[in-house]
Amino acid sequence: MAGVDAAYIAAWLLPLFVGGGVWTLLRGSARGPADIAAAAGAGWLVGVLIAAACARFAASADTAHAFARAWPWCAAIGVAAWIAAAVRLRGHPHGFFVRPPSMRAALRIVWWLLLLWIVARLALLGDEASLRPVFPWDAWSAWAVKPKSWFLLGRAEPYVSMLDWLASPQLATRTAASWGYPELLAWIELWFASAAGAWNEPLVDVAWCGALAAFSLAAYGYWRALGLASWLALAFVYVLVSLPLIDAHVALAGYADLWLALTLGLATLAWMRWIVDGERGQLALAACLALCLPAIKLEGTVWLLTFGSVVVLDLLPRRWRWPTLGAIAVVVLAAVAAGAFGAVSMSWNRIEIPSLGTFALAWHGVGGAMVASLFTLPNWHLFWYALPVLLALRRTRFRGDRAARMLGLMLLIDFAFLFVLFFLTTASAWAQDFTSANRLILQLVPSVLVLAATLLRPLAGEEAAISAGRLGTAQASVAPSAPA
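Per chain, residue numbering runs from 1 following the sequence as it is written. Residue-level local features of this predicted model are given only where pLDDT is at least 70; pairs of side-chain atoms are given and counted only at 80 or more, and the full residue set underlies all totals for whole chains, interfaces and linings. Note: side-chain values were computed over all heavy atoms of the structure, leaving out hydrogens and water.

Now for the overall build of the protein. When you go through the protein residue by residue, the secondary structure sums to 23 helices and five strands. The cut-offs for exposure are 20% and 50% of the maximum accessible area for each residue type, with area from a 1.4 Å probe on protein chains only; residues under the lower value are buried, those over the upper are exposed, and the others partly exposed. Classification of the 484 residues of the protein by burial places 47% in the buried group. Here, two residues are considered to be in contact whenever any of their heavy atoms come within 4.5 Å of each other. The long-range share in the protein, meaning contacts at least 24 apart out of those at least 6 apart in sequence, stands at 76%. Reported accessibility uses the Shrake-Rupley method at a 1.4 Å probe radius. Residues are deemed covered only where the shown protein chains occlude them. Accessible surface for the protein amounts to roughly 22600 Å². Of this, 70% is attributable to carbon and sulfur atoms. A run of H or I in DSSP counts as a helix once it spans at least four residues, and a run of E counts as a strand once it spans at least two, with each numbered from the N terminus.

Now for the packing of aromatic side chains. Any Phe, Tyr or Trp ring, taking Trp's six-membered ring, that has another such ring centre within 6.5 Å forms a pair; planes under 30 degrees apart are called stacked, those over 60 apart edge-to-face, and the others tilted. Scanning the model with the defined rule gives 28 aromatic pairs in all. Aromatic pair W111 and W112: ring centres 5.0 Å apart, planes at 85 degrees, arrangement edge-to-face. Judged by relative accessible area, which is 16%, W111 ranks as buried. Measuring from centroid to centroid gives 6.0 Å for W380 and W384, while their planes differ by 80 degrees, and the two rings are edge-to-face. In this structure, W380 and W384 share a single accessibility class: buried. Here the aromatic cluster, defined as three or more aromatic residues joined through ring pairs, consists of Y8, W12, W44 and F192. Taking NZ or CZ as reference, R439 lies 4.8 Å from the ring centre of Y255, over its face. The rule for a charge over a ring is simple: NZ of Lys or CZ of Arg within 6 Å of the ring centre, and within 35 degrees of the ring normal.

Once that is clear, we can look at the packing of helix α12 (residues 257–277) against helix α19 (residues 402–424). Helix packing geometry: the angle between the two helix axes and the distance between the axes. Note on method: axes are straight lines fitted to C-alpha atoms, helices fitted across the in-contact stretch only, with angles between N-to-C directions ranging 0 to 180 degrees. Contact geometry of α12 with α19 gives a least axis separation of 9 Å together with a crossing angle of 145 degrees. Crossing hand, α12 versus α19: right-handed. Residue-level inspection shows T268, W271, M272, W274, I275 and V276 of α12 in contact with α19, the latter providing R402, A403, M406, L407 and M410. Taken together, the residues of the contact of α12 with α19 sort by class into nine nonpolar, one polar and one charged. Here a crossing is called left-handed whenever its near helix is offset anticlockwise from the far helix by less than a right angle, and right-handed whenever the offset is clockwise. Just so you know the grouping, Ala, Val, Leu, Ile, Met, Phe, Trp, Tyr, Cys and Pro go in nonpolar, Asp, Glu, Lys and Arg go in charged, and all remaining residues, Gly too, go in polar.

Note on placement: S216 falls in helix α9 (residues 201–225). What makes S216 buried here is its relative accessible area of 5%. Counting of polar contacts relies on pairs of N or O atoms within 3.5 Å, with two restrictions inside protein: one atom must be capable of donating a hydrogen and the other of accepting it, and residues adjacent in sequence are counted only when both atoms are side-chain atoms. For S216, the side chain forms a polar contact with the main-chain oxygen of L212, separated by 2.8 Å. S216 has contacts with V237, L240 and V241, leaving out every residue within four places of it along the chain.

This part is about the environment of Y159. Along the chain, the position of Y159 falls in strand β1 (residues 159–160). For the pair Y159 and A172, spaced 13 residues apart in the sequence, the C-alpha separation amounts to 9.1 Å. When residues no more than four places from it in sequence are discounted, the contact partners of Y159 are V145, K146, S149, W150, R174, T175, A176 and W179. At 2.7 Å, the side chain of Y159 forms a polar contact with the side chain of S149.

So, on to the nonpolar core. The tendency in soluble globular proteins is for nonpolar side chains to be buried side by side. Counting 139 residues, the largest nonpolar core has Y222, W223, W259, L266, W271 and W380 as the members making the most contacts within it. For this core, the element with the highest residue contribution is α9, accounting for 15 residues. The contacts of W259, once residues within four sequence positions are left out, are W44, L45, V48, L185, I188, A207, W208, A211 and I296. Residues belong to a common nonpolar core when they are buried Ala, Val, Leu, Ile, Met, Phe, Trp, Tyr or Cys residues joined through side-chain atoms within 4.5 Å.

Of all eight residues in helix α11 (residues 244–251), six are buried, a share of seventy percent or more. Summarising the contacts, the buried residues of α11 are in contact with α4 (105–129), α9, α10 (230–242), α12, α21 (436–442) and α22 (445–456).

Before going further, it helps to spend a moment on the confidence of the model for the protein. Values of pLDDT, the confidence the predictor places in each residue, fall between 0 and 100. Residues with a pLDDT of 70 or more make up 85% of the protein, whose mean pLDDT is 86. Contacts for the low-pLDDT stretch residues 94–98, under 50 throughout, to residues beyond four places or in other chains number nine contacts. Within the model, the stretch residues 464–484 combines pLDDT values under 50 with four contacts to residues more than four positions away or in other chains.

Now for the side chain of S178. Turning to its location among the elements, S178 is positioned in the loop between β2 (174–175) and α8 (184–196). Beyond its immediate sequence surroundings of up to four residues, S178 is in contact with S141, A142 and K146.

Moving on: helix α6 (residues 145–153). Buried residues of α6: K146, P147, S149, W150 and F151, and no others. Lining the buried residues of α6 we find α5 (137–143), β1 and α8. A positive backbone phi angle near 90 degrees is found at G154, which sits one or two residues after α6.

A separate point is the pattern of salt bridges. Note on definitions: salt bridges are taken to be side-chain nitrogens of Lys or Arg within 4 Å of carboxyl oxygens of Asp or Glu. Evaluated as defined, the whole model comprises 19 salt bridges. We note a salt bridge from R69 to D62, for which the minimum N-O separation is 2.8 Å. Here D62 falls in the buried class, since its relative accessible area comes to 17%. For R439, the salt bridge goes to D257, with nearest N and O atoms at 3.4 Å. With R439 in helix α21 and D257 in helix α12, the pair connects residues that are 182 residues apart, well separated along the chain. A relative accessible area of 15% means that R439 is categorised as buried. Where salt bridges share partners, they join R27, D35, R273, D277 and E279 into one cluster.

As structure tokens, then:
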């Protein structure tokens, strides 16, 4: 990988400054290392999204210098966020550096071993991503088309369909098979490429490793804040970064699925923290992240709708929940069937979605391919074996934990959508080729891990019992006559 200059390093650090300020402002206080980890990891991801938006706003006419044109706007947002956060934190002067609870020696060793393995794994993935230009088929033929052409042209020319391009007398239009793809990822790539000073694909690809590392740090901080023990929170991070398909999407960077998965996962983390701690800033963060999903990939619209529907369901008074959602579902289905939306048309045996195509509704027996993909091929290690066991062992938790119940409902709807897509439409071919189906499932995996961690967090009564147990242990260590 070619040497990097100060601008490229700044392109990595500035999102941390901007997003960290936004996260701290929304949090309102910081209570220890868990919050610092969450602020750094979530802040970097949020900052990259803000940087991409600033580049889109400031550099459409000069894409080769997107970083130079966008960084002042980013810096201004970061300075404003940190000033506002400092004003809000004025009432919490002793919020930082709360001493974390001590671990037993054996668990401390496990924690350090897991941390070393995770760091080494991420370093190897980053090195692998930096070894070659964009390599996967859909990455260079679809996702890299717009940012590369815009960078080399020096401006962001519009992409239209083939028919519109043939019929258009304007020269400043282009076409591609991926002309209708969302463009947020393109501006993320332009942010790093313009900072590097050239269309250097290895330097752009490393951002995929940065995204996974940032989410891992954020997830650890959020899971610690939700009550998980340090070693258990880090074990969940280990599970995430060891999944073969996620590692492949980092090492062979270029697809949008990882960014979509991590953004949705971070939204669910913020949502869970709002449910547990009642932090309104976290709900606002979750909503903003969810709104970014359609700008990353087309499937993001579906995940936004399911996420938003369940969040609204949770916000409604209990007696109004199901009648309200039932009425909305009836109205939406009737409008879609009547073609009132113009975007989606549906009948009893087909559904047509722009940019995706027309799907005939009929049963397709792809169960064998799906089972092989999830359980026998080396895509997921033991993830889909362990998850049902955990759900069975913690099934009673759904009744007593509102956070787990709401997130479980959202994921149930998401997987029901995937079932209809793979088994009842011609998209069954995606399951049979063992590629596209796995990419769609990958988009939900970080959120599934959030559910698993939520199921293992102690509830309020359990936390009190744990605290009492720690107090008793501390008192016993002070009193010489106390029993061991």
